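Structure assessment
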Amino acid sequence: MKDLSAAKDLATMEISNRLFFRFFQAANTLHTKGTQALDEFGVTTQQWSVLGALSRPKVKEGMGVGELSRFLLVSRQNLSGILTRLERDGLIERATSAEDRRAVKVRLSAKGEELWIKLADPIHDFYDQALKGFSFDDRLQFIHYVSLLQRNMAKL
């Protein structure tokens with residue numbers, strides 16, 4: 001009689017490998033195709049994520065760089081270059097925090113707010129095309145599973 005446990009372990013490893021490789025491919029495709037979707041605006045997916053984070057009503061007055069880094073799950077070093085480019089292009093501004101004069105907050109500029117409004121339709125078109133074939137319930141379940149995966153990896 002064959003050892004079914006060993007075969008199952010091998011199959012589980014293979015499926016896990018395929019799953020993580022698909023995430024790697026999907027992330028690379030997101031960066032490529034997402035940037036292409038906003039090419040006419042000169043916005044990359046990294047810049048898109050920062051603009052999106054800063055466009056939320058609860059951070060209208062801005063967020064600290066460390067807080068933004070934690071929210072986006074990127075290093076401060078990687079975020080710094082993105083912020084420098086967005087500031088150079090007039091899309092964000094850095095301002096002294098009203099609560100703590102030593103702290104600096106990053107927020108969308110008026111030009112950044114205008115751009116974010118212009119990006120809404122192309123971003124939603126991208127979402128619709130990328131999620132073609134996913135029902136509303138599929139999307140909710142996918143959020144659940146990706147969130148669970150992210151939480152598990154954060155604990156590593």
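See above for the structure.
The following refers to the structure shown.

The rules behind these values
Residues numbered from 1 in each chain as written. Predicted model: local features only at pLDDT ≥ 70, side-chain atom pairs only at ≥ 80, totals over all residues. Heavy atoms only, no water. Helix = DSSP H or I, 4+ residues; strand = E, 2+ residues; numbered from the N terminus. Rg over C-alpha atoms; globule rule 2.2 N^0.38 Å. Buried < 20%, exposed > 50% of the residue type's maximum accessible area, 1.4 Å probe, protein only. Contact = heavy atoms within 4.5 Å. Lys, Arg positive; Asp, Glu negative; His and termini not counted. Charge placed at Lys NZ, Arg CZ, Asp CG, Glu CD. Pairing = 2+ DSSP bridges.

**Observations regarding the overall build of the protein chain**
When its secondary structure is counted, the protein chain shows six helices and three strands. Starting at the N terminus and walking to the C terminus, you meet the elements of the protein chain as α-α-β-α-α-β-β-α-α. Expected size for 156 residues packed as a compact globule is a radius of gyration near 15 Å; at 20 Å, the protein chain overshoots this value by more than 25%. Each principal axis of the C-alpha atoms in the protein chain carries an extent, and together these give about 70 × 35 × 25 Å. For the protein chain, the residues scored as buried account for 24% of the 156 residues in total. Once local pairs closer than 6 in sequence are excluded, the contacts in the protein chain between residues at least 24 apart make up 46%. If the 23 positive side-chain charges of the protein chain are averaged to one point and the 19 negative ones to another, these points end up 5 Å apart.

**Description of the sheet that holds strand 2 (residues 92–96)**
Reading across from one edge, 1-3-2 is the order of the three strands in this open sheet, with antiparallel pairing throughout. Pairing within the sheet leaves two strands with one partner each, and these edge strands are strand 1 (63–64) and strand 2.

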